[in-house]
Amino acid sequence: MDFKHILQQVEPHYGTAALVTGAACGVGALVILVQKLSKHQKTKEKVQRVRARKAESLQRAEQAVLQYKESHPMTNSANILSLSLSELTKQLQKGSLSPEDVFYAYLEKALDVDKKLNCCNEILLDSFEQLKTISSNKKGLLYGVPVSIKENIAYKNYDSTCGVICNLEQPAEKDSVLVEVLKKQGAIPFVKTNVPQGLMNYDCSNPIYGQTLNPHNLKKTSGGSSGGEGALIGAGGSVLGIGTDIGGSIRIPSSFCGICGFKPTVGRLSTQGVVGLYGGQKSVMATAGPMGRDVDSLALCMQALLNDDMFHLDPTVPPASFNMQTYQSSKPLRIGYVESDGFFQPSPSMARAIREVKALLEKAGHTLVPFSLQKVGQSFYELAMRGVAADGAFSFAQKMKDSPLDPSIRPQFITIHVPVWVRKTLSFLLRPLSPRTSAMLSAFCGVGSIADLWKQHVAVEEYINKTIEDWRKSDIDVLLYPVIGPAFNFHYCCKNTQLCTYTMLFNVLNFPAGVVPVSTVTVEDEEELKHYKGIYRDVWDRSFKQAVNGAEGLPAAVQCVALPWQDELCLRFMKEVEKLVKQSKK
């Protein structure tokens, strides 16, 4: 390749700077630039192919919907879409609704929702073939139910990119265990939903598929990382979805979008085929869980998944079927409650939601006692954040090296390209000026050595044991806790990572936790927000105030928590909250 030809390729993209570089560094430097340009071009073409595949799947789905509607003009799609999951499954089992009518009603709605919210990454065209043979699974608890799945849950012949370019065009060789069991139970996975870049953010945008919007306010994010699920279900385009959660990734979008979401105990559901950005991280474990319009939907999904099929396909899952007796119990509960974690002041609607639900629970005959998690800030930095970034976020950086950082995560992860010694220096310098910024930078330096990682794991074990000890001393059955909300304005999730104390510590503890919508943001909440100062009165508090303003009418939720392996009790508590809130509104 001659010098002139190299310059002709480089100059349109790098301008006169390339000429200066060529003069100063010689042809070798320009060759490197050309190689980078070629790699960039290949990446661009790959993204274009994936977007074209999405467009094609949407187009084929639209054509299929039109053909079905023409041949079945009497189908009442509005009635189908109005049914709860429990009502829907009953009618499907009785035969008063056909799986075909239900499937095409939800497919049409999902396509319409996606045009407004950009929440679907791809229609699973294999679902049309599954629909043809669905009658063989009529005994399944989810017979004929269309189900949406988060993008990182493996489905044969489809990508699980986690929103990063390096994972493009690497289709799964087989279904995840979750998808296999859903199919065996008669469910029809029909669409994959959007995620943030790298999954490590509670916004929902990436360079491949773009930004997902909130179904209640298009100027707000749907939350993340299961944000596509939250948006699709919240807008009525899916009756049941499967998300994943490592720091609030089911619970936060459920809160933002006004739906119910449940994070089970790690190990209760199979994670074989659930793709993470990188493997080996054990300090904070991810789990999959259901998302739906009501708590009964979550319980029915757990009941359907926890069966011999799952226990056979993944022998690492304890063979413990769903305990319906615990879920349906009406025994009065002794409930701990928290209005603020003492580290990050909740928004007015977050705090009000807790107060109102506490009053409803007390009126219903339950006992409410104050509770608190110990060392919230220290545990968040040293156990949660340092744990997920134990290698100094090197693995995350490696996955991002060929991809631009999406604007939704750039401020959060800009430091991953900075040497660890620089992070340590900045952390030291910022300690007196902004303690929380300093602590976050320090956490992203990682643990330092294998011996330090083992010490960190011991610290996690001690934290779990101490929290359970405090729980026992308080003699509580379950815990009522705030959840992040209301939905944020765009590009603020990455500026408010520290607010994840409200969700991520339950991932560290491995406590099952779920979210129930209970109210909406009022004019009074917005007025009170004007006087919000926060606890530290630092840049994080100011940013949070900006993130949640303009939220009148948006959903407000609470979080329900139980001890490990008491998933059914947690869901029972969620159901109680949901029931009392509905009664109060009547």
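Preceding block: the structure.
Below is a summary of the structure that appears in this document. Small disclaimer: the values here were computed from a predicted structure and weren't measured.

**A closer look at the overall build of the protein chain**
Secondary structure assignment for the protein chain yields 24 helices and 15 strands. In terms of overall dimensions, the protein chain is globule-like: its C-alpha atoms have a radius of gyration of 24 Å, near the 25 Å expected for 586 residues. Dimensions of the protein chain along its principal axes, counting C-alpha atoms only, are 80 × 65 × 50 Å. For the protein chain, buried positions account for 58% of its 586 residues. In the form shown here, the protein chain has an accessible surface area of approximately 23,900 Å², with 54% of it arising from carbon and sulfur atoms. Across the protein chain, 64 positive and 56 negative side-chain charges occur, with their mean positions spaced 2 Å apart.

**A look at empty space enclosed by the protein**
Which parts of space are left empty comes out when a probe the size of a water molecule is rolled across the atoms. Applying the stated rule across the entire model yields 3 cavities of 30 Å³ or more. When contributions to the lining of the largest cavity are tallied by element, the ones reaching two or more residues are α15 (376-388) and α17 (410-413). A class-by-class count of the residues in the lining of the largest cavity yields 16 nonpolar, 8 polar and no charged. Surrounding the second largest cavity, Arg53, Asn121, Glu122, Glu151, Asp159, Lys192 and Tyr209 form its lining. In terms of residue class, the lining of the second largest cavity is built from 1 nonpolar, 1 polar and 5 charged.

**Some points on the environment of proline 146**
Tracing the chain through its elements places proline 146 in strand β2 (residues 146-150). In this structure, proline 146 is in contact with Val102, Phe103, Tyr106, Ile188, Phe190, Val239 and Leu240, ignoring residues within four places of it in sequence.

**With respect to the packing of helix α20 (residues 450-474) against helix α21 (residues 501-509)**
Contact pair α20 / α21: the axes reach a minimum separation of 9 Å and the direction vectors enclose 100°. Here α20 is positioned roughly perpendicular relative to α21, judged by the angle of their axes. Between α20, through Val460, Tyr463, Ile464 and Thr467, and α21, the contact on the second element is made entirely by Leu505, Val508 and Leu509. Tallied by class, the residues present in the contact of α20 with α21 amount to 6 nonpolar, 1 polar and no charged.

**With respect to the nonpolar core**
In summary, soluble globular proteins display a tendency toward joint burial of nonpolar side chains. With 94 residues, the main nonpolar core has Leu107 and Val577 as its most contacted residues. Ranked by residues supplied to this core, first place goes to helix α6 (residues 99-117) with 10 residues. Of all hydrophobic cores here, the second largest spans 69 residues; its members include Phe344, Leu405, Val460 and Ala547.

**Some words on the packing of aromatic side chains**
Counting across every chain of the model gives 21 aromatic pairs. A centroid spacing of 4.3 Å and a plane angle of 15° characterise the contact between tyrosine 68 and tyrosine 104, whose relative ring orientation is stacked. One end of the pair, tyrosine 68, is in helix α3 (residues 27-71); the other, tyrosine 104, is in helix α6, with 36 residues separating them in the sequence. Grouping residues by exposure puts tyrosine 68 and tyrosine 104 together as buried. Aromatic side chains phenylalanine 413 and phenylalanine 444 sit 6.1 Å apart centroid to centroid with 70° between the ring planes, which places their arrangement in the edge-to-face category. A residue pair is termed long-range when its members are at least 10 positions apart, and phenylalanine 413 in helix α17 and phenylalanine 444 in the loop between α19 (435-443) and α20 qualify at 31 residues. Taking relative accessible area as the criterion, phenylalanine 413 reaches 4% and is therefore assigned buried. Classification of phenylalanine 444 by relative accessible area gives buried; the value is 7%.

**Brief notes about the pattern of salt bridges**
Counted according to the given criterion, the structure contains 24 salt bridges. Across the pair aspartate 112 and lysine 116 runs a salt bridge, and its minimum N-O distance is 3.6 Å. Pair noted here: aspartate 112 and lysine 116 are both in helix α6, with a separation of 4 residues, about one helical turn. Relative accessible area serves as the criterion here: at 32%, aspartate 112 is assigned to the partly exposed category. The exposed category is assigned to lysine 116, whose relative accessible area is 52%. Shared partners join several salt bridges into a network, and the residues in it are Arg53, Glu122 and Asp159.

**Points about the pairing of strand β15 (residues 555-561)**
With 7 of its 7 residues buried, β15 lies for the most part within the structure. Here β15 shows no split at all, with Pro555, Ala557, Gln559 and Val561 on one side and Ala556, Val558 and Cys560 on the other all buried. As paired elements, strand β13 (residues 478-482) and β15 share 4 bridges and run antiparallel to each other. When the bridges of β15 are listed, tyrosine 481 appears paired with glutamine 559. With 7 bridges joining them, strand β14 (residues 513-520) and β15 adopt antiparallel strand pairing. Looking at β15, one finds that glycine 514 is bridged to cysteine 560.

**Examining unusual backbone geometry**
Here the amide bond leading from glycine 224 into serine 225 is cis, since omega sits at 10°, within 30 degrees of zero. Along the chain, glycine 485 connects to proline 486 via a cis peptide bond; the corresponding omega equals -5°. Looking at the secondary structure, you find proline 486 in the loop between β13 and α21. Of note in this structure, asparagine 157 is not a glycine but carries a positive phi near 75°. When you line up the elements, asparagine 157 lands in the loop between β2 and α8 (177-184). Its identity as a non-glycine residue notwithstanding, cysteine 162 has a phi of 60°, on the positive side. Examined against the element boundaries, cysteine 162 turns out to sit in the loop between β2 and α8.

**A closer look at the side chain of threonine 212**
Note that threonine 212 resides in the loop between β5 (210-211) and β6 (213-214). You can call threonine 212 buried: its relative accessible area is 0%. At 2.7 Å, the side chain of threonine 212 and the backbone oxygen of asparagine 118 are in polar contact. Side chain to side chain, threonine 212 and asparagine 194 meet in a polar contact 3.0 Å long. Apart from residues lying up to four places away in sequence, threonine 212 is in contact with Leu117, Asn118, Cys119, Asn194, Cys204, Thr221, Ser222, Gly227, Gly228, Ala231 and Phe490.

Conventions and cut-offs
- Residues numbered from 1 in each chain as written.
- Predicted model: local features only at pLDDT ≥ 70, side-chain atom pairs only at ≥ 80, totals over all residues.
- Heavy atoms only, no water.
- Helix = DSSP H or I, 4+ residues; strand = E, 2+ residues; numbered from the N terminus.
- Rg over C-alpha atoms; globule rule 2.2 N^0.38 Å.
- Buried < 20%, exposed > 50% of the residue type's maximum accessible area, 1.4 Å probe, protein only.
- Areas by Shrake-Rupley, 256 points an atom, 1.4 Å probe, with all protein chains shown as cover.
- Lys, Arg positive; Asp, Glu negative; His and termini not counted.
- Charge placed at Lys NZ, Arg CZ, Asp CG, Glu CD.
- 1 Å grid on protein atoms, 1.4 Å probe; cavity = no way out; pocket = protein on both sides within 12 Å on 5 of 7 lines; lining within 4 Å.
- Points joined across faces, edges and corners; volume = space filled by probe spheres on them.
- Nonpolar A, V, L, I, M, F, W, Y, C, P; charged D, E, K, R; others polar.
- Contact = heavy atoms within 4.5 Å.
- Axes fitted to C-alpha atoms, helices over the stretch in contact; angles between N-to-C directions.
- Parallel < 35°, antiparallel > 145°, perpendicular 65-115°, else oblique.
- Core = buried A, V, L, I, M, F, W, Y, C linked by side-chain atoms within 4.5 Å.
- Phe/Tyr/Trp six-rings, centres within 6.5 Å; stacked < 30°, edge-to-face > 60°.
- Salt bridge = Lys/Arg side-chain N within 4 Å of Asp/Glu carboxyl O.
- Pairing = 2+ DSSP bridges.
- Polar contact = N/O pair within 3.5 Å; in protein donor to acceptor, adjacent residues only side chain to side chain.

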